[in-house]
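Coordinates in review
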Amino acid sequence: MSEFPLAAIARIPGLVIRLFFSALKFKRSAKKSARKLRKGMIKGGMDRALANQLASRYEESFSIRRFIGQATGEDAGFSSIFPFGR
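Residues numbered from 1 in each chain as written. Predicted model: local features only at pLDDT ≥ 70, side-chain atom pairs only at ≥ 80, totals over all residues. Heavy atoms only, no water.

On to the overall build of the protein chain. Along the protein chain, the regular secondary structure elements total 4 helices and 0 strands. Across the protein chain, helices and strands are ordered from the amino to the carboxyl terminus as α-α-α-α. Counting the 86 residues in the protein chain, one finds 10% classified as buried. Restricting the contact set of the protein chain to residue pairs at least 6 apart, pairs at least 24 apart contribute 32%. (Helix = DSSP H or I, 4+ residues; strand = E, 2+ residues; numbered from the N terminus. Buried < 20%, exposed > 50% of the residue type's maximum accessible area, 1.4 Å probe, protein only. Contact = heavy atoms within 4.5 Å.)

Our next topic: a nonpolar patch on the surface. Judged by side-chain polarity, Ile 17, Phe 20, Phe 21 and Leu 24 come together as a nonpolar surface patch covering roughly 420 Å² of accessible area. Counting through the fold element by element, Phe 20 comes out in helix H1 (residues 3-43). (Patch = residues over 30% accessible without salt bridge, like charges linked within 9 Å, V, L, I, M, F, W, Y side chains within 5 Å. Areas by Shrake-Rupley, 256 points an atom, 1.4 Å probe, with all protein chains shown as cover. Salt bridge = Lys/Arg side-chain N within 4 Å of Asp/Glu carboxyl O.)

Laid out in structure tokens, this is it:
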């Protein structure tokens, strides 16, 4: 038996952990930028309720599942398998 498949399988847990933390970092930066956007809109004189609504839509636009769906050209598929993160 070749050592390549075994070596590749051995690296999967580390890859999954790194991807998980990268996704958390991505989501955290999206939340921070949405918060800055909301504060800037309120400071600029926009209604607080409208600023909150726009900032939440802005934050939702940074969905990893949506990026995967756009990259693969699918509206459904891999990105719709997981019910979390919508």
